[in-house]
Amino acid sequence: DAIYLKDAQGCYLMANSSAAKILGRPVHEILGKDNTELMPDEVARRIAEIDRQIMNTEESQVGEEHLPVEGTTRTYHFIKTPYRNHHGEVAGVVGIARDITGRKETEEALSLRAELLDLSYEPIFAWELEGDIVYWNRGAEELYGLSRQEAVGRESHLLLQTVHPIPFEEFKQMLKRDGQWIGELEHTTHDGRQVIVESRQTLVPTAGDRRLVLESNRNITERKRLEENQQRFLANAAHQLKTPITTIVGATELLVTKQNLDDAKKRQLLEHIFSEGHHMQRLSDTLLRLARVGWDQREPSLEGVDLAIAAQQ
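This report concerns the structure included in the present document.

The next point concerns empty space enclosed by the protein. Summed over the entire model, instances satisfying the criterion amount to one cavity of 30 Å³ or more. Computed from the structure, the largest cavity encloses a volume of approximately 210 Å³.

Here's what the structure looks like:
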(Lines give C-alpha, C1' and ligand atoms only; values in the text may rest on other atoms or scores of the structure.)
Protein backbone atom coordinates (compact mmCIF):
# COMPACT_ATOMS: atom_id res chain seq x y z
CA ASP A 1 0.00 0.00 0.00
CA ALA A 2 1.06 3.57 -0.67
CA ILE A 3 1.29 5.59 2.58
CA TYR A 4 1.87 9.35 2.68
CA LEU A 5 1.53 12.44 4.84
CA LYS A 6 0.86 15.97 3.57
CA ASP A 7 0.79 19.29 5.37
CA ALA A 8 -2.01 21.87 5.23
CA GLN A 9 -0.60 23.31 1.98
CA GLY A 10 -0.57 19.87 0.33
CA CYS A 11 3.20 19.37 0.44
CA TYR A 12 4.45 15.86 1.14
CA LEU A 13 6.05 15.39 4.55
CA MET A 14 6.42 11.63 4.18
CA ALA A 15 5.94 9.04 1.43
CA ASN A 16 6.87 5.37 1.31
CA SER A 17 8.33 3.56 -1.70
CA SER A 18 4.88 2.49 -3.01
CA ALA A 19 3.71 6.13 -2.98
CA ALA A 20 6.92 7.14 -4.75
CA LYS A 21 6.25 4.54 -7.45
CA ILE A 22 2.78 5.99 -8.10
CA LEU A 23 4.23 9.51 -8.38
CA GLY A 24 7.08 8.29 -10.56
CA ARG A 25 9.82 9.96 -8.51
CA PRO A 26 12.26 8.84 -5.82
CA VAL A 27 11.18 9.71 -2.29
CA HIS A 28 13.72 12.51 -1.84
CA GLU A 29 12.33 14.31 -4.92
CA ILE A 30 8.76 14.11 -3.56
CA LEU A 31 9.22 15.53 -0.07
CA GLY A 32 8.40 19.24 0.15
CA LYS A 33 6.48 19.25 -3.15
CA ASP A 34 2.71 19.33 -3.73
CA ASN A 35 0.74 17.46 -6.38
CA THR A 36 0.81 20.38 -8.87
CA GLU A 37 4.52 19.65 -9.28
CA LEU A 38 4.07 15.87 -9.51
CA MET A 39 0.82 15.23 -11.40
CA PRO A 40 -1.26 16.62 -14.29
CA ASP A 41 -3.13 19.80 -13.27
CA GLU A 42 -6.63 18.31 -13.41
CA VAL A 43 -5.68 15.35 -11.20
CA ALA A 44 -3.82 17.62 -8.78
CA ARG A 45 -6.83 19.96 -8.43
CA ARG A 46 -9.18 17.04 -7.82
CA ILE A 47 -7.00 15.60 -5.07
CA ALA A 48 -6.44 19.03 -3.48
CA GLU A 49 -10.22 19.53 -3.28
CA ILE A 50 -10.67 16.23 -1.44
CA ASP A 51 -7.84 17.13 0.95
CA ARG A 52 -9.45 20.53 1.71
CA GLN A 53 -12.79 18.84 2.45
CA ILE A 54 -11.12 16.44 4.88
CA MET A 55 -9.33 19.27 6.72
CA ASN A 56 -12.41 21.53 6.79
CA THR A 57 -14.86 18.83 7.96
CA GLU A 58 -12.25 17.02 10.06
CA GLU A 59 -13.78 13.77 8.80
CA SER A 60 -12.17 10.83 7.02
CA GLN A 61 -13.02 9.93 3.43
CA VAL A 62 -12.94 6.67 1.55
CA GLY A 63 -13.10 6.52 -2.23
CA GLU A 64 -11.46 5.72 -5.54
CA GLU A 65 -9.07 7.79 -7.60
CA HIS A 66 -7.81 7.32 -11.15
CA LEU A 67 -4.14 8.24 -11.52
CA PRO A 68 -1.77 8.23 -14.51
CA VAL A 69 1.08 5.81 -13.77
CA GLU A 70 3.80 4.89 -16.27
CA GLY A 71 1.70 5.81 -19.30
CA THR A 72 -1.49 4.09 -18.15
CA THR A 73 -4.41 5.04 -15.92
CA ARG A 74 -4.72 2.97 -12.76
CA THR A 75 -7.45 2.89 -10.12
CA TYR A 76 -6.61 3.29 -6.43
CA HIS A 77 -8.81 2.77 -3.40
CA PHE A 78 -7.90 5.42 -0.81
CA ILE A 79 -8.54 6.12 2.85
CA LYS A 80 -7.73 9.66 3.96
CA THR A 81 -8.04 11.11 7.44
CA PRO A 82 -7.09 14.44 9.08
CA TYR A 83 -3.56 14.64 10.44
CA ARG A 84 -3.33 16.47 13.77
CA ASN A 85 -0.28 18.07 15.37
CA HIS A 86 0.67 17.72 19.04
CA HIS A 87 -1.83 20.48 19.91
CA GLY A 88 -4.67 18.44 18.39
CA GLU A 89 -5.09 20.87 15.51
CA VAL A 90 -5.64 19.67 11.94
CA ALA A 91 -2.31 20.15 10.24
CA GLY A 92 -2.66 18.11 7.11
CA VAL A 93 -3.84 14.78 5.68
CA VAL A 94 -2.54 11.25 6.07
CA GLY A 95 -3.55 8.72 3.43
CA ILE A 96 -3.29 5.08 2.37
CA ALA A 97 -3.91 3.97 -1.22
CA ARG A 98 -4.16 0.50 -2.74
CA ASP A 99 -4.01 -0.36 -6.45
CA ILE A 100 -7.31 -2.06 -7.34
CA THR A 101 -7.02 -1.80 -11.13
CA GLY A 102 -7.07 -5.57 -11.59
CA ARG A 103 -10.10 -5.95 -9.36
CA LYS A 104 -12.00 -3.20 -11.18
CA GLU A 105 -11.23 -4.77 -14.55
CA THR A 106 -12.54 -8.11 -13.23
CA GLU A 107 -15.70 -6.44 -11.92
CA GLU A 108 -16.29 -4.75 -15.27
CA ALA A 109 -15.73 -8.02 -17.11
CA LEU A 110 -18.15 -9.81 -14.79
CA SER A 111 -20.68 -7.00 -15.21
CA LEU A 112 -20.41 -7.27 -19.00
CA ARG A 113 -20.71 -11.05 -18.78
CA ALA A 114 -23.83 -10.68 -16.65
CA GLU A 115 -25.33 -8.27 -19.21
CA LEU A 116 -24.62 -10.78 -21.99
CA LEU A 117 -26.12 -13.61 -19.94
CA ASP A 118 -29.21 -11.47 -19.41
CA LEU A 119 -29.69 -11.36 -23.19
CA SER A 120 -29.75 -15.16 -23.39
CA TYR A 121 -33.08 -16.93 -23.76
CA GLU A 122 -31.59 -19.93 -21.97
CA PRO A 123 -32.29 -20.09 -18.22
CA ILE A 124 -28.97 -19.28 -16.53
CA PHE A 125 -28.40 -18.75 -12.84
CA ALA A 126 -25.59 -19.03 -10.30
CA TRP A 127 -25.72 -20.39 -6.76
CA GLU A 128 -23.28 -20.82 -3.95
CA LEU A 129 -22.26 -24.41 -3.38
CA GLU A 130 -23.89 -24.15 0.02
CA GLY A 131 -27.18 -23.23 -1.62
CA ASP A 132 -27.98 -19.48 -2.01
CA ILE A 133 -28.84 -18.16 -5.48
CA VAL A 134 -26.68 -15.14 -6.38
CA TYR A 135 -27.58 -14.57 -10.07
CA TRP A 136 -30.81 -15.10 -12.04
CA ASN A 137 -31.21 -14.09 -15.69
CA ARG A 138 -34.32 -13.31 -17.75
CA GLY A 139 -34.48 -16.81 -19.21
CA ALA A 140 -34.69 -18.22 -15.68
CA GLU A 141 -37.44 -15.72 -14.84
CA GLU A 142 -39.53 -16.90 -17.79
CA LEU A 143 -39.01 -20.64 -17.27
CA TYR A 144 -39.38 -20.81 -13.51
CA GLY A 145 -41.98 -18.04 -13.10
CA LEU A 146 -39.95 -16.12 -10.54
CA SER A 147 -38.44 -12.63 -10.79
CA ARG A 148 -34.78 -11.92 -10.07
CA GLN A 149 -35.72 -10.02 -6.91
CA GLU A 150 -37.68 -13.03 -5.66
CA ALA A 151 -34.99 -15.59 -6.57
CA VAL A 152 -31.65 -14.05 -5.57
CA GLY A 153 -30.76 -14.78 -1.97
CA ARG A 154 -32.96 -17.85 -1.64
CA GLU A 155 -31.72 -21.42 -1.35
CA SER A 156 -31.79 -23.07 -4.76
CA HIS A 157 -32.81 -26.54 -3.58
CA LEU A 158 -35.82 -25.06 -1.75
CA LEU A 159 -36.68 -22.72 -4.61
CA LEU A 160 -36.61 -25.19 -7.48
CA GLN A 161 -37.23 -28.54 -5.74
CA THR A 162 -34.78 -30.26 -8.07
CA VAL A 163 -35.21 -33.97 -8.79
CA HIS A 164 -31.55 -34.95 -9.06
CA PRO A 165 -30.28 -38.33 -10.29
CA ILE A 166 -27.88 -38.56 -7.34
CA PRO A 167 -28.12 -37.31 -3.72
CA PHE A 168 -27.47 -33.56 -3.52
CA GLU A 169 -24.60 -33.82 -1.01
CA GLU A 170 -22.93 -36.42 -3.20
CA PHE A 171 -23.51 -34.19 -6.21
CA LYS A 172 -21.78 -31.24 -4.51
CA GLN A 173 -18.76 -33.40 -3.70
CA MET A 174 -18.65 -34.54 -7.33
CA LEU A 175 -18.71 -30.89 -8.49
CA LYS A 176 -15.83 -30.08 -6.15
CA ARG A 177 -13.89 -33.00 -7.62
CA ASP A 178 -14.74 -32.73 -11.34
CA GLY A 179 -15.69 -29.06 -11.66
CA GLN A 180 -18.61 -29.79 -14.01
CA TRP A 181 -21.76 -31.87 -14.40
CA ILE A 182 -23.93 -32.35 -17.50
CA GLY A 183 -27.22 -34.21 -17.53
CA GLU A 184 -31.01 -34.02 -17.34
CA LEU A 185 -32.91 -32.62 -14.35
CA GLU A 186 -36.56 -32.33 -13.44
CA HIS A 187 -37.63 -29.12 -11.68
CA THR A 188 -40.80 -28.10 -9.94
CA THR A 189 -41.19 -24.41 -10.76
CA HIS A 190 -42.45 -21.69 -8.44
CA ASP A 191 -45.96 -21.98 -9.91
CA GLY A 192 -46.05 -25.77 -9.63
CA ARG A 193 -45.19 -26.80 -13.21
CA GLN A 194 -42.99 -29.83 -13.86
CA VAL A 195 -40.21 -29.02 -16.33
CA ILE A 196 -37.36 -31.15 -17.64
CA VAL A 197 -34.09 -29.42 -18.54
CA GLU A 198 -30.75 -30.31 -20.05
CA SER A 199 -28.42 -28.88 -17.43
CA ARG A 200 -24.75 -27.88 -17.52
CA GLN A 201 -23.37 -26.95 -14.11
CA THR A 202 -19.86 -25.58 -13.78
CA LEU A 203 -17.93 -24.74 -10.63
CA VAL A 204 -16.64 -21.18 -11.08
CA PRO A 205 -13.46 -20.13 -9.25
CA THR A 206 -13.88 -16.95 -7.20
CA ALA A 207 -11.84 -14.95 -4.74
CA GLY A 208 -11.81 -16.18 -1.15
CA ASP A 209 -13.60 -19.29 0.05
CA ARG A 210 -16.80 -18.82 -1.98
CA ARG A 211 -17.69 -21.63 -4.36
CA LEU A 212 -20.13 -20.63 -7.08
CA VAL A 213 -21.92 -22.93 -9.50
CA LEU A 214 -22.99 -21.48 -12.86
CA GLU A 215 -26.00 -23.45 -14.09
CA SER A 216 -27.16 -23.21 -17.70
CA ASN A 217 -30.39 -25.05 -18.52
CA ARG A 218 -32.31 -25.79 -21.70
CA ASN A 219 -36.02 -26.52 -21.43
CA ILE A 220 -36.65 -29.88 -23.12
CA THR A 221 -40.08 -30.55 -21.56
CA GLU A 222 -41.91 -30.31 -24.90
CA ARG A 223 -39.25 -32.36 -26.68
CA LYS A 224 -39.52 -35.13 -24.07
CA ARG A 225 -43.32 -35.09 -24.40
CA LEU A 226 -43.07 -35.42 -28.19
CA GLU A 227 -40.54 -38.23 -27.84
CA GLU A 228 -42.90 -40.10 -25.50
CA ASN A 229 -45.82 -39.54 -27.90
CA GLN A 230 -43.68 -40.73 -30.78
CA GLN A 231 -42.73 -43.90 -28.92
CA ARG A 232 -46.39 -44.62 -28.11
CA PHE A 233 -47.41 -43.89 -31.69
CA LEU A 234 -44.73 -46.16 -33.16
CA ALA A 235 -45.65 -48.96 -30.75
CA ASN A 236 -49.33 -48.62 -31.70
CA ALA A 237 -48.51 -48.45 -35.43
CA ALA A 238 -46.37 -51.60 -35.14
CA HIS A 239 -49.25 -53.37 -33.40
CA GLN A 240 -51.72 -52.24 -36.07
CA LEU A 241 -49.41 -53.57 -38.80
CA LYS A 242 -48.72 -56.86 -37.08
CA THR A 243 -52.31 -58.18 -37.25
CA PRO A 244 -52.85 -57.85 -41.05
CA ILE A 245 -49.33 -59.05 -41.77
CA THR A 246 -49.94 -62.19 -39.67
CA THR A 247 -53.21 -62.81 -41.53
CA ILE A 248 -51.62 -62.33 -44.96
CA VAL A 249 -48.61 -64.53 -44.16
CA GLY A 250 -50.88 -67.26 -42.76
CA ALA A 251 -53.23 -67.21 -45.74
CA THR A 252 -50.35 -67.16 -48.21
CA GLU A 253 -48.67 -70.08 -46.44
CA LEU A 254 -51.83 -72.19 -46.78
CA LEU A 255 -52.12 -71.35 -50.47
CA VAL A 256 -48.48 -72.30 -51.08
CA THR A 257 -48.30 -75.48 -48.96
CA LYS A 258 -51.78 -76.96 -49.32
CA GLN A 259 -52.22 -78.36 -52.84
CA ASN A 260 -55.61 -79.98 -52.25
CA LEU A 261 -57.58 -76.84 -51.34
CA ASP A 262 -60.86 -76.45 -53.12
CA ASP A 263 -61.73 -73.32 -55.07
CA ALA A 264 -64.04 -71.96 -52.34
CA LYS A 265 -61.28 -72.21 -49.70
CA LYS A 266 -58.74 -70.61 -52.03
CA ARG A 267 -61.13 -67.75 -52.72
CA GLN A 268 -61.74 -67.26 -49.01
CA LEU A 269 -57.98 -67.04 -48.34
CA LEU A 270 -57.47 -64.63 -51.23
CA GLU A 271 -60.28 -62.41 -49.90
CA HIS A 272 -58.52 -62.36 -46.52
CA ILE A 273 -55.27 -61.31 -48.22
CA PHE A 274 -57.10 -58.65 -50.27
CA SER A 275 -58.95 -57.26 -47.23
CA GLU A 276 -55.89 -57.12 -44.99
CA GLY A 277 -53.83 -55.66 -47.82
CA HIS A 278 -56.34 -52.80 -48.12
CA HIS A 279 -56.15 -52.33 -44.34
CA MET A 280 -52.36 -52.01 -44.55
CA GLN A 281 -52.69 -49.59 -47.48
CA ARG A 282 -54.99 -47.31 -45.46
CA LEU A 283 -52.60 -47.42 -42.51
CA SER A 284 -49.69 -46.62 -44.82
CA ASP A 285 -51.58 -43.64 -46.27
CA THR A 286 -52.27 -42.37 -42.75
CA LEU A 287 -48.59 -42.64 -41.80
CA LEU A 288 -47.50 -40.78 -44.94
CA ARG A 289 -50.09 -38.04 -44.33
CA LEU A 290 -48.87 -37.62 -40.74
CA ALA A 291 -45.29 -37.39 -41.92
CA ARG A 292 -46.29 -34.75 -44.49
CA VAL A 293 -48.62 -32.45 -42.53
CA GLY A 294 -47.61 -33.09 -38.89
CA TRP A 295 -49.16 -34.59 -35.79
CA ASP A 296 -52.38 -32.56 -35.92
CA GLN A 297 -53.66 -34.64 -38.89
CA ARG A 298 -54.90 -31.55 -40.72
CA GLU A 299 -55.25 -31.88 -44.46
CA PRO A 300 -53.18 -29.46 -46.52
CA SER A 301 -55.03 -26.36 -47.75
CA LEU A 302 -55.29 -26.67 -51.53
CA GLU A 303 -55.79 -23.63 -53.73
CA GLY A 304 -55.02 -22.55 -57.26
CA VAL A 305 -51.64 -20.98 -57.99
CA ASP A 306 -50.70 -18.75 -60.94
CA LEU A 307 -47.40 -20.33 -62.00
CA ALA A 308 -46.21 -17.21 -63.83
CA ILE A 309 -46.61 -15.07 -60.70
CA ALA A 310 -45.11 -17.78 -58.50
CA ALA A 311 -42.06 -18.02 -60.80
CA GLN A 312 -41.54 -14.25 -60.70
CA GLN A 313 -41.63 -14.26 -56.90
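This part takes up the pattern of salt bridges. Following the criterion strictly, the structure yields 14 salt bridges and no others. Glu49 is the salt-bridge partner of Arg52, the closest N and O atoms lying 2.8 Å from each other. Placement of both Arg52 and Glu49 in helix H3 (residues 41-57) is noted, with a separation of three residues, approximately one turn of the helix. Among the ionic pairs, Glu198 bridges to Arg223, the shortest N-O distance being 3.0 Å. With Glu198 in strand E9 (residues 194-205) and Arg223 in helix H9 (residues 221-257), this residue pair connects regions lying 25 residues apart in the sequence. Accessibility expressed as a relative area gives 29% for Glu198, which makes it partly exposed.

Structurally, the position occupied by Glu142 is in helix H5 (residues 138-144). Judged by relative accessible area, which is 61%, Glu142 ranks as exposed. Here the alpha-carbon distance between Glu142 and Pro123, two residues 19 residues apart in the chain, equals 7.9 Å.

Turning our eyes to something else, we now look at unusual backbone geometry. Backbone geometry at Glu58 places phi at a positive 55°, although glycine is not the residue there. Residue placement: Glu58 occurs in the loop between H3 and strand E3 (61-69).

Thresholds applied
- Residues numbered from 1 in each chain as written.
- Predicted model: local features only at pLDDT ≥ 70, side-chain atom pairs only at ≥ 80, totals over all residues.
- Heavy atoms only, no water.
- 1 Å grid on protein atoms, 1.4 Å probe; cavity = no way out; pocket = protein on both sides within 12 Å on 5 of 7 lines; lining within 4 Å.
- Points joined across faces, edges and corners; volume = space filled by probe spheres on them.
- Salt bridge = Lys/Arg side-chain N within 4 Å of Asp/Glu carboxyl O.
- Helix = DSSP H or I, 4+ residues; strand = E, 2+ residues; numbered from the N terminus.
- Buried < 20%, exposed > 50% of the residue type's maximum accessible area, 1.4 Å probe, protein only.

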